[in-house]
Amino acid sequence: YQKIMAGDFERPDYLTPLTIDLLSKVMQTDPEIRYTIDEIRDHEWCLQAREKELRTTELPKEIINPDVLKQVEDYGICSKETREHL
């Protein structure tokens, strides 16, 4: 509890400088300068994560369960369209 209140936390060596920067701002003990949700969302670390998600648009074929696609087709929905929208 005392460590939390003091903002004392370990920064593992494997964390990137951007990660450490974000954590430091989130773990700030002074609520007046602690990051808000909007500030967290706008932090460069989160923006990079979102960009990476957007670049990953196609799922590998092995992730899509053919049995599920069959069930979708049984409901009259084109499995090709389903695959495109995943």
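Since this is a predicted model, take the numbers as computed values, not measurements. (Residues numbered from 1 in each chain as written. Predicted model: local features only at pLDDT ≥ 70, side-chain atom pairs only at ≥ 80, totals over all residues. Heavy atoms only, no water.)

## Quick notes on the overall build of the chain
A tally of helices and strands in the chain yields six helices and zero strands. Secondary structure elements in the chain, listed N-terminal to C-terminal, are α-α-α-α-α-α. Sequence-distant contacts, at least 24 apart, represent 26% of the contacts inside the chain between residues at least 6 apart. Total accessible area on the chain stands at roughly 7,700 Å², and carbon and sulfur atoms take up 55% of it. (Helix = DSSP H or I, 4+ residues; strand = E, 2+ residues; numbered from the N terminus. Contact = heavy atoms within 4.5 Å. Areas by Shrake-Rupley, 256 points an atom, 1.4 Å probe, with all protein chains shown as cover.)

## Considerations on a nonpolar patch on the surface
On the surface, Leu23, Val26 and Met27 cluster together to form a nonpolar patch covering roughly 200 Å² of accessible area. Examined against the element boundaries, Met27 turns out to sit in the loop between helix H2 (17-26) and helix H3 (37-42). (Patch = residues over 30% accessible without salt bridge, like charges linked within 9 Å, V, L, I, M, F, W, Y side chains within 5 Å. Salt bridge = Lys/Arg side-chain N within 4 Å of Asp/Glu carboxyl O.)

## Observations concerning the environment of Val72
Along the chain, Val72 falls in helix H5 (residues 66-74). As for Val72 and Thr82, which are separated by ten residues in sequence, their C-alpha atoms are 8.0 Å apart. Those residues in contact with Val72, other than ones at most four positions away along the chain, are Ile77 and Thr82.

## Here's the deal with the side chain of His43
Its place among the elements puts His43 in the loop between H3 and helix H4 (44-55). Assessed through its relative accessible area of 5%, His43 is described here as buried. A distance of 3.0 Å separates a polar side-chain atom of His43 from the backbone nitrogen of Trp45. For His43, the contacting residues outside a window of four places in its chain are Leu18, Asp21, Leu22 and Tyr35. (Buried < 20%, exposed > 50% of the residue type's maximum accessible area, 1.4 Å probe, protein only. Polar contact = N/O pair within 3.5 Å; in protein donor to acceptor, adjacent residues only side chain to side chain.)

## Quick look at the pattern of salt bridges
Opposite charge on two side chains allows them to pair when their charged atoms are near. Inspection of every chain in the model, using the stated rule, returns three salt bridges. Of the charged contacts in the structure, one is a salt bridge between Lys25 and Asp21, with a shortest N-O distance of 3.1 Å. One end of the pair, Lys25, and the other, Asp21, are both in helix H2, four residues apart, so they sit about a helical turn from each other. On the accessibility criterion, Lys25 (29% relative accessible area) is partly exposed. Ionic pairing is found between Lys70 and Asp74, a salt bridge with its closest N-O pair at 2.7 Å.

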